[in-house]
Amino acid sequence: MITTEQQEKLRGWFTGRLPDDLFEELVEVTVDREEVTVIGRIPAPKLAEGVSEAEKEAAVQGRVQEFRERTRDTRIALAREAEHRFRRKVSWGVECAGERSLFTHIAAPVMTRLRQPERQVLDTLIAAGVARSRSDALAWCVRLVQRNTDEWLGELRDSLEHVQRVRAQGPDAEPEDAPGDSD
């Protein structure tokens with residue numbers, strides 16, 4: 001579990017380390033055990049009034065692709081530095097005209113043991129065409145739970161951070177220097 005303080009330090013590092021002209025704004029830095037995802041806002045393409053949705057969509061896709069190609073070397077250099085510092089892969093994404101695009105990011109394998117009724121749920125999603133595989137079906141289920149339980153998961157994460165703070169104060173914690181101690 002990543003603490004709020006660790007998340008803030010990571011975001012702070014990227015805020016300080018990103019070139020000022022890379023993004024209009026750093027939108028989000030998320031982290032888990034394997035990956036850091038950095039998402040920034042880039043300027044929307046300037047379009048004439050009354051353009052069709054198809055033209056707008058194509059212009060945004062073009063802008064995202066242009067940004068991705070133009071900034072590749074800078075992003076790779078920053079990712080290498082961050083990967084060395086934080087011991088996690090770094091992935092990138094952008095928001096442009098209200099659309100979010102993620103560049104290459106990892107899909108971490110997760111070992112799980114499911115009983116038959118749980119496997120049947122996944123198989124039903126496959127049969128219905130919702131997912132191509134059990135892995136896709138499980139990812140779909142996780143996204144569904146995430147969407148419907150954000151508040152509950154937030155409270156749970158807050159509780160876990162509290163437990164980590166209490167553990168850090170326990171008998172195995174590093175003692176602070178006592179007043180009057182000197183080398």
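First things first, this report covers the structure right here in the doc. (Residues numbered from 1 in each chain as written. Predicted model: local features only at pLDDT ≥ 70, side-chain atom pairs only at ≥ 80, totals over all residues. Heavy atoms only, no water.)

## Observations regarding the pattern of salt bridges
Right, on to step 1. Counting across every chain of the model gives ten salt bridges.
Right, on to step 2. Ionic pairing is found between Glu25 and Arg41, a salt bridge with its closest N-O pair at 2.2 Å. Here Arg41 lies in strand E2 (residues 35-41) and Glu25 lies in strand E1 (residues 25-31), a separation of 16 residues in the sequence.
Right, on to step 3. Glu25 gets classed as partly exposed once you look at its relative accessible area, which sits at 41%. (Salt bridge = Lys/Arg side-chain N within 4 Å of Asp/Glu carboxyl O. Helix = DSSP H or I, 4+ residues; strand = E, 2+ residues; numbered from the N terminus. Buried < 20%, exposed > 50% of the residue type's maximum accessible area, 1.4 Å probe, protein only.)

## A short note on helix H2 (residues 53-86)
Right, on to step 1. Spanning 34 residues, H2 covers only 41 Å between terminal C-alpha atoms, well under the ideal 50 Å at 1.5 Å per step.
Right, on to step 2. A bend of about 60 degrees at Arg72 is the largest found in H2.
Right, on to step 3. For H2, every residue scored as buried is listed here: Val60, Val64, Phe67, Thr71, Arg75, Leu78, Ala79, Ala82 and Phe86.
Right, on to step 4. Taken together, the buried residues of H2 touch helix H1 (4-17), strand E3 (89-96) and strand E4 (99-102).
Right, on to step 5. Within two residues after H2, Arg87 carries a phi angle of roughly 60 degrees, on the positive side. (Expected span 1.5 Å × (residues − 1). Bend = angle between axes of the 7 residues up to and from the residue. Contact = heavy atoms within 4.5 Å.)

## With respect to the pairing of E3
Right, on to step 1. Counted residue by residue, E3 has seven buried out of eight residues, so it is predominantly covered.
Right, on to step 2. Pairing between E2 and E3: seven bridges, direction parallel. Residue pairing in the sheet places Gly40 in a bridge with Val94 of E3.
Right, on to step 3. Taken together, E2, H2 and E3 constitute a β-α-β crossover, and its handedness is right-handed.
Right, on to step 4. Both E3 and E4 contribute to a ladder of four bridges, which runs antiparallel. Bridging from a neighbouring strand, Cys96 pairs with Glu99 of E4.
Right, on to step 5. Between the antiparallel neighbours E3 and E4 lie two residues, among them Ala97 with a positive phi of about 55 degrees. (Pairing = 2+ DSSP bridges. Right-handed = clockwise from strand over helix to strand, strands pointing away.)

## A look at the sheet that holds E2
Right, on to step 1. Judged by pairing direction, the sheet is mixed, and its four strands sit side by side in the order E1-E2-E3-E4 without closing on themselves. Sheet topology places E1 and E4 at the edges, where each strand pairs with a single neighbour. The mean inter-strand angle of the sheet, taken between neighbouring strand axes irrespective of direction, is 20 degrees. (Axes fitted to C-alpha atoms, helices over the stretch in contact; angles between N-to-C directions.)

## Examining the side chain of Ser91
Right, on to step 1. One can find Ser91 in strand E3.
Right, on to step 2. You can call Ser91 buried: its relative accessible area is 3%.
Right, on to step 3. Separated by 2.3 Å, the side chains of Ser91 and Glu35 make a polar contact.
Right, on to step 4. The residues contacting Ser91, other than those within four sequence positions of it, are Glu35, Val36, Thr37, Val38, Thr104, His105 and Ile106. (Polar contact = N/O pair within 3.5 Å; in protein donor to acceptor, adjacent residues only side chain to side chain.)

## With respect to the pairing of E2
Right, on to step 1. Counting buried positions along E2 yields six of seven residues, so the element is predominantly enclosed.
Right, on to step 2. Two elements, E1 and E2, share six bridges in a ladder whose sense is antiparallel. If you follow Glu28 over to E2, its bridge partner there is Ile39.

## As for the packing of aromatic side chains
Right, on to step 1. Applying the stated criterion across every chain yields a total of six aromatic pairs.
Right, on to step 2. Summarising the aromatic geometry, the rings of Trp13 and Phe86 are spaced 5.5 Å apart at their centres and angled 85 degrees between planes, so their arrangement reads as edge-to-face. In this pair, Trp13 sits in helix H1 while Phe86 sits in helix H2, placing the two residues 73 residues apart along the sequence. Each member of the pair, Trp13 as well as Phe86, is classed as buried.
Right, on to step 3. In this structure an aromatic cluster arises from ring pairing among Trp13, Phe14, Phe86 and Trp92. (Phe/Tyr/Trp six-rings, centres within 6.5 Å; stacked < 30°, edge-to-face > 60°.)

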